[in-house]
Each structure stands twice: as structure tokens, then as C-alpha cells.
Amino acid sequence: MSQFLISRRSALALMGGAAALTFNRLPAHAAGQLKVLNWQGYGTDEKWALELFKQKTGLEVVHDYFTSEQEMLTKVRTSPGIYDVVLMNNIYVMEAAGEGLIQPIDTSKITNFADLTPSLRDSPRFVKDGKHYAISWVWGLTSFAYNTKKISGQPDSIEALWDPSHAGKVGWRDDALESIQMAALATGQDMNAPADMDKVKAKLQALKSQIKTFWSSEDEWNKYMAAGDYDIAVYWSGSAARSKKAMKLPVEFVVPKEGAIGWFDGLTIAANAPNPDGAAQFIDFMVSPEFYVRWDNEVGAPASANAKANAQLPEDALNRKVLGDPEVVKRVQWMAPVSEEQRQKNQEIWDEVKTGFAQ
Amino acid sequence: MGRIVKPYLGVVLAFLYLPIGVMILMAFNRSALYELPFTFDLVWFKALLSNQRLMQASWNSVWIATINAVIATILGTFAAYAFARFEFRAKRVLQLLLFPPITIPWLIIGTSMLIFFFWTGIGRGLHAILLGHVALSLPYVVVVVGARLASFGPQLEEAAATLGATPMQVFLRVTVPVLAPGIVAAALFAFAVSFDQFVISYFLAPPGTSTLPVEIYTAIRKGFTPEINAISSIIILVSMGLMLIVARLYKFGGDQA
Amino acid sequence: MNAAQHRTIAIVGLTAPAYLWLALTVLLPLCAMLYFSFLTFSPMGGHESEFTLKHYASFFEKRIYWYNAWRSIELAMYVTTLCLVVGYPAALGLAKYVKGRWREAIFLLIILPFWSNALVRTFSWTMVLREPLNLLFTYPAIIIGLVHAYLPYAILTCYISLQAIDDALIEAARSLGATQAQAFRRVTLPLSMPGVLAAIFLIFVPVIGSFMEPRILGGKDAIMLGPIIEGQFNAAFNWPLGAALSFTMLTIVLLIILAASPLLRRQLART
């Protein structure tokens, strides 16, 4: 024991004291704070935006993140009274409202409300009994993007992903729902209720020679594209804008003639939110052109539900040129909520396909 | 026989440090996407200095891991000692109960902890994280210290007892020094388990506080810049320094009597 | 108080703190999960649930589950064997042939990689494996990544056991006429079995549930039980199925270890 230079007891005391000091420096649950639950790097946590918001309202915004939508639901369910603002994909909003997880929003508090695209703003996915349970925020497409340096000439068909000349260079996301929807588009079916699931499965199995590896985050997509693992890959429109602008990758997003998967997100206020008024102010800020235009220009974002904000983007911005094009929007199939049974079935089919890949 | 040992160990160490070397190298590379060719740049270290969130998270990780190591090592060593020196009926069951924390995917443990802590009012927070980390470290401590105890056998302790030492004296003067390398290794494992533990911290952390693995894993959604490499490199180099100091102060793994 | 009561108090006192902690934080929550695994629907989802064994049945009925469970076991066997084959000699060398400060230094150097973040480390492997080895996104890549992650466990636990072996025993065996190989086989190896067993426990068991290295390094070959279970929680929100698969896996692992333990106990008995 005498081999220690300082005695064990004083060492422990030192550590305890220092630990107490350190822990005290962590932010406490203070008034003047707003808690937001969202994907990381998805707009609401932009440093400059939070500073602007603090200047306007004096509220400091603190974030918690999720990495899957199921996890978002779990966190909300097990943390009553903790969150103020929660981002939700439209297909979950009614479910959450039905469980009493979110509260109706007083739309008179949202100054930008009138400028929101009506089809999104008043969508039955957000509105029940005349009450808005979410404010539509952004929308985007899932399709694919390609490396303009590796592939010459923009592909106009989703079959490009199955093109043998791109064998071993295709990127795909490991997600059951998305995969089945893409295959449904490729086989000309309704992606929310494909009539012929065998055809969908066969189409997915045909990817075996095509896929190089799966990606599960924007970061991985960027790294694999940059390293040359991918020449063409399934991707989201907002992320494609970011990869091109912020990461400077030579990629272009494509909405082929078969169509693309459309999704839209809304911002909700949690039931028992500590600061519902502050939450409404934050949501209002998020749908304002002031925030949105700068977000898309500097970082890259999905399309805004605020038509006015979208119109203020530069002409060649992806969100204005492609997603703002009515011809393109006509080809979009919008995601619908999925029943538990269907979700389970999808997962099984996808697991079977993946098992087939490994043999 | 002796002559191939050093080269062999060298090869093994080279293997172990190959990705670490790459990781440190990329911390100094300008590209945000690990692109080559390599261009030397300190941009990520500079970015790290202004990244309060990441620094605070790393600091939290270090403290949690340290406290975790202390608690887990003490609790686990006692349990391991009981297993090694006593025979009792419940022993088999208790040993089997060490399996679940290691076998069951941490995602399940994390989810069930979240639910259970929610139901019982323990809630989320640093205390919850610590509760979880110690539980996950315990099997490692018990197994490692147990291996040491099994290899040593009770002869020395019995000898000391026949010479008139009390059980407490036997424990402090004979058992613990003999166990020392095992205890130190177990503590280092426990520290590592906690320091790199993502899932539990992720589920149980209150909004606004974070640990380093959580920062890294959640950042993959957006893109973790090589600031992560920078902080990881700093941690490795600081740990190396600390370890060398510990090695100087405390000679372990040394000679048996 | 008599000796027997003293003994009981000692046993309880030594084991209670650790196990109370485990019970509260891991075992009880897992009991809740075990309960969920017999429900038809996930709790908190707003559905009424009934008792069912169908999730456990699907492990045996659906190929995707039992086949991938086997893939995971196979992977764990490869990784554990490789870790021991590479790690045991390293531990032996370190314990018996390296002396003094060098030994401590190398011991610490072996522990150090533990403290690097696993995700960053794995991504660093993608760089090495891509060029010049060209092994990225293949099954061997998964093995390399996992062996790298778990090798220190093997080296350290074997080292701790080996280093406890009194050199005098080996010298005694040699002086009685045993060759170096015989002394190793009859003295060193059996006495170091606890370390080997510890290594097997700490490597085989977690590798079965691993999902990160397979996912990042394995490309299309990555499907294993770990990712499947994860998918049930993250994508399908089917906790009962995910829990059932996990507990089935736990049972299989326990059965494997229990089946192998008579063999290993015989080894120990020889010491």
C-alpha cells in the first residue's frame, strides 16, 4: 500500500470533489429553456439559428436526438413533461395524438401559418377535429443520386439502379419500408399497398449483384461516395442538397419517370410541454423564410412547406428547380402510415432478401 | 523460443495499432470525408477547441468511467472472491446470472432499463447512467479477477492463516497484492466498458447532457467530422501518458514471492 | 456465532452488493422484457396484448432467424478461436519471456486500444481494408474487425492466468526430465485454463450479438442475428419478437457453454 504516492483515501476524495464540481457545470433545467427532440443536424440545431432565436425571445434551446423514428416514439412515451418541441414524420402524428403524447397547437400563434402550402398544412395526417396537432415544416423525396464524374448523362429511369453496367457500385439503405417502396415504384405498383409482393421481392433480390454495401446515415453515404464505393445510390433530396453544397461532392439528385417516394415532416408540441408558448414561437421561427432560406442556402435542406420561403430560394436550388416543379411533384407517391402487421411483414421480407445476399 | 517472442509481440502490437494509427492520421488530414491524398492540417483540432458540446461530453465520459471503474471493481472483486474461495449451492445460478448483461444485445438492455427506470421513478440522468454502466462492467470484473484467483489457489492465504493472521489481515496483506494485476486489469476493462458504452448512456442521458460515445454515434446521422478523430487521438495520447505515470508509481505484475 | 454462520455471512456479504446492483439495473428490467416477449403486441403501443408463444416459435419456424443465429454462432467461433490462437502465444511470451519494465509497458499498450471509440476504429479499418488489402465489405473483413476488437481480452485474461503460474513448478517438471513441450502441456496449459475460459466467455458471448462491425465492414454479407434483433426494435417496433429472439439466443449460448464445460472441467481437474 505504501507504493502509492498519495494515499488511496485522499485520491478518492479528490476525485469525488472534482466530480461534484464538474457535474455542477452541466446545464440544469432552467426557466428560459426550450427542449427539442429531433434528428441531429436536421435544421433545428443550427448554431446561427439558435443564436438568432435567443436574441429574439431570450429562450435557450437544448436538444436531444434520436436515430430512428421508433426511438423517437419511445423517448416521447417515457419522458412526459420533458420535451417541448418534437419533430415527427407525418405518418406518426395521428398515432401520437391518439395516445395523448402531443397537444393541439394554437395556430393563431404561428404568424407564418397562412403561407404554408394548404395540401401539407391541412393534411388529415396533421389535423383532427379541426385541430392542428402538427405544423407542417419540410417535405422531401427519396430517390437516388449519382456521381456526375463517374456516370455521364443523367439517368431518367429508376432502372439505373439495376443497370448491370453499375454492378457492384450501387448504394442502398438498409431499411425495410424504403426498400419495398423503391421496388414497388420500379415494378410500377402503388408503393403503399403493392398488389404483387412476390414481384417486389424478386426485384429486390435482383439487387444482389448491384449493391456494394448499405449505408444508414448521410455521413456514411458521403464517405462511400467520396471513396468511390458508390457511383449511384438511393438518397434523400435534402441530404443530396447538403452533400452537394456543404460536402462539395459532384452528385445530382434524380426524380425518374417512375416516380419517387414523398414524405413530409411536422413540428409538434408535446403534451405537458414545460413551455408551450415558447414551443409555438420556435415552430413559427422554423417555418419562417428568414430561417429557411438561410438554412437551405448555407447548409442544404429539404423543401419548405412554406411556399413563400421556397420561392425565395435561388433559381437553381434543388428545392426550387426540381421539387418546385409541378411535373415532378405529379410523379411523387406519398408515404402513408403502415399497419403493425404490414411493418412486420416488410421486415421479414427484407430480412429474407438480405439473407439471400449473404449466401 | 525466447527469441521469437519479441518480434511476435511486435507484430501483434502492430496489428492492434494499425487502425489507431490511421485514426490519428486522419485527425490531421484536411478532408472531412477521410479522402486521400493526405494534406496536413490542424483544422479539426482548432474546431475541437470551440466545440463545447464535444469537450463537455468527453469530460463527462471520463468521470463516469472512473467512478464506474472504482465501484465495479470493488463490488466485482468481492463477488469473485466469494466464488473462488467458497462452495455454496447458489453459486452456479449466480455465475449464470453474469451472462445476460454480456449476451443480450445492449439495445434490448437499454430499452428495458429505460422502461423499468421510468416505471420505478428512477428516471433518466447521470445516476441512471452510472447504475447501468456498473451493471454492465460487473461481469467483466468478476470474470477477470476470478481467473486470477483460480490460477493462484488458496495456498498462500491458508499459509498466512496458519501463521496466525486474521481473515482481514490475510485479505489485505496476502490476497489483494496477489490479486493486484487482476484487479488493475479488471478496473481498466471496467473503465473501457463505460468509456465506450453508447447504448445505455444514450437511452438514459437527460436532454442536454451527453457522453462522448453518444456524441459520436448521434453525429453519424449528420456526418461526424474528424473532430471526433481529433478528440479520440487526444484521449489515446493522454491515456498513454497517464498509464506510463501509473506504471512508474505502482509496480504490478511483478515478482511472486 | 459458529463457523458455518460466519461463513454464510461472509458469502452473502461478498456477493450481495454486486448482485443487488445487477438485479435492480439489469435483471429486473430484463424480466420485464422477458414478460414482453410473451405478448402479442409491443407494450405502450396502445394495443391490447395477449399471452403467446408465437414469437419463440418463429425462431424455429422462420429460416431468417435460426439460419442467421447459426451465422452468428459460426462467426463467434471463428473470432474466438483466432483470438486465442493469436492471443495465447502473445500472453505466454509476455508472461514468461519478457521481464521488468518492458512487460508492464507492453501490457498497458495492449489495453490502450480499448479506450478508443469503437465506431471510429471500425471506420479506420474501412480505410485500411479498402486499399491496399481490397477486403472491404466482405465476410473476412468482419472477422478482422472483430478479432481486432476482442484480441486484447484474450491476451489479457490469458496473461493474468499465465503470470500467476509459479516458475518453480515448471523448473521442477524440467528437472524431472520433461521436455519444454511436455512441461507446457502438462503444467502450464492446464494451469492457465481459467484465463482461456475467461477469454472464451468475454469474446464468444458478445460477438454473437455484434452488429456494428458486421454492418460497417461486411457490406452485403453483414446479416447476422444482431442486426435482425436491432431491426425489430428500431424499424419494426416489434419488441416482443426482438426480446424473444434475444432470450432464445441467450439460452442457446448458455446451453453451448454448459455443454462444453464438462470438457473444460476435466482439464481443470487435471491440475
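Scroll up to find the structure.
Here goes a summary of the coordinates provided. Computed from a predicted structure; not experimentally measured. Numbers given for residues are sequential positions, taken from 1 along each chain in its written order. Here chains are named by letter from A upward and ligands by number from 1 upward, in the order in which they appear as written. Residues qualify for local features only when their pLDDT is at least 70, as the model is predicted, and side-chain atom pairs are given and counted only at 80 or more; totals for whole chains, interfaces and linings, by contrast, use all residues.

**What about the overall build of chain C?**
Turning to step 1, where the next piece is worked out: Secondary structure elements follow DSSP: runs of H or I of four or more residues count as helices, runs of E of two or more count as strands, with numbering from the N terminus. A count of helices and strands for chain C gives 12 helices and 0 strands.
Turning to step 2, where the next piece is worked out: Helices and strands in chain C line up, N terminus first, as α-α-α-α-α-α-α-α-α-α-α-α.
Turning to step 3, where the next piece is worked out: Projecting the C-alpha coordinates of chain C onto the three principal axes gives extents of approximately 75 × 70 × 30 Å.
Turning to step 4, where the next piece is worked out: Per-residue burial over chain C gives 52% buried out of 271 residues.
Turning to step 5, where the next piece is worked out: For every residue pair, C-beta atoms are placed from the backbone, and the pair is scored as a contact if these atoms sit within 7 Å. When contacts within chain C are restricted to residue pairs at least 6 apart in sequence, long-range pairs at least 24 apart make up 73% of them. Counts of 20 or more other C-beta atoms within 10 Å of a residue's own C-beta define buried residues, counts of 12 or fewer define exposed ones, and intermediate counts define partly exposed ones; C-beta atoms are placed from the backbone.

**Topic: the overall build of chain B**
Turning to step 1, where the next piece is worked out: Scanning chain B from N- to C-terminus turns up 12 helices and 0 strands.
Turning to step 2, where the next piece is worked out: Here the C-alpha coordinates of chain B stretch approximately 65 × 60 × 30 Å along the principal axes.
Turning to step 3, where the next piece is worked out: The 257 residues of chain B split such that 54% are buried.

**Section: the pairing of strand E8 (residues 170-173) of chain A**
Turning to step 1, where the next piece is worked out: Strands are labelled as partners when DSSP assigns at least two bridges between them. Of the pairings in the sheet, the one linking E8 of chain A to strand E9 (residues 211-215) of chain A comprises 4 bridges and is parallel in character. Bridging from a neighbouring strand, tryptophan 172 of chain A pairs with phenylalanine 214 of chain A of E9 of chain A.

**Thoughts on the environment of aspartate 231 of chain A**
Turning to step 1, where the next piece is worked out: Along the chain, aspartate 231 of chain A turns up in the loop between helix H8 (218-227) and strand E10 (232-236).
Turning to step 2, where the next piece is worked out: When the C-alpha atoms of aspartate 231 of chain A and proline 302 of chain A are compared, they prove to be 22 Å apart, with 71 residues separating the residues in sequence.

**Some details on the interface of chain A and chain C**
Turning to step 1, where the next piece is worked out: Contact residues are listed per partner, giving 23 residues for chain A and 20 residues for chain C.
Turning to step 2, where the next piece is worked out: For the side of chain A that touches chain C, the elements supplying multiple residues, two or more each, are helix H3 (69-77), E9 and helix H15 (340-357) of chain A.
Turning to step 3, where the next piece is worked out: At 10 residues, H15 of chain A tops the list of elements feeding residues into the side of chain A that touches chain C.
Turning to step 4, where the next piece is worked out: Gly counts as polar in this scheme, as do all residues outside two lists: the nonpolar Ala, Val, Leu, Ile, Met, Phe, Trp, Tyr, Cys and Pro, and the charged Asp, Glu, Lys and Arg. Here the side of chain A that touches chain C is composed, by residue class, of 5 nonpolar, 7 polar and 11 charged.

**Some points on the nonpolar core**
Turning to step 1, where the next piece is worked out: Put simply, a nonpolar core is buried Ala, Val, Leu, Ile, Met, Phe, Trp, Tyr and Cys residues tied into one set by C-beta atoms within 7 Å. Core analysis: the biggest nonpolar cluster contains 288 residues, and Val144 of chain B together with Tyr150 and Ile203 of chain C have the highest contact counts within it.
Turning to step 2, where the next piece is worked out: The element contributing the most residues to this core is helix H7 (residues 126-152) of chain B, with 19 residues.
Turning to step 3, where the next piece is worked out: If we skip the residues at most four places from it in the chain, tyrosine 150 of chain C touches Val79, Cys83, Ile203 and Val207 of chain C.

**Here's the deal with the interface of chain C and chain B**
Turning to step 1, where the next piece is worked out: Listed as interface residues are 79 residues of chain C and, on the opposing side, 77 residues of chain B.
Turning to step 2, where the next piece is worked out: Tallying contributions element by element places helix H1 (residues 3-36) of chain C first for the side of chain C that touches chain B, with 17 residues.
Turning to step 3, where the next piece is worked out: Residue composition of the side of chain C that touches chain B, grouped by class: 56 nonpolar, 17 polar and 6 charged.

**Some points on the environment of aspartate 325 of chain A**
Residues and elements named next belong to chain A.
Turning to step 1, where the next piece is worked out: Position of aspartate 325 relative to the elements: it lies in the loop between helix H13 (318-321) and helix H14 (326-330).
Turning to step 2, where the next piece is worked out: When the 12 C-beta atoms within 10 Å are taken as the criterion, aspartate 325 is described as exposed.
Turning to step 3, where the next piece is worked out: Spatially, the C-alpha atoms of aspartate 325 and alanine 49 are 28 Å apart, while their sequence positions differ by 276 residues.

**Thoughts on helix H6 (residues 106-120) of chain B**
Turning to step 1, where the next piece is worked out: Here H6 of chain B spans 20 Å end to end across 15 residues, near enough to the 21 Å set by a 1.5 Å rise per residue.
Turning to step 2, where the next piece is worked out: Along H6 of chain B, the positions that sit buried rather than exposed are Trp106, Leu107, Ile108, Ile109, Gly110, Thr111, Ser112, Met113, Leu114, Ile115 and Phe117 of chain B. Helices are assigned an expected span. That span is 1.5 Å times one less than the residue count.

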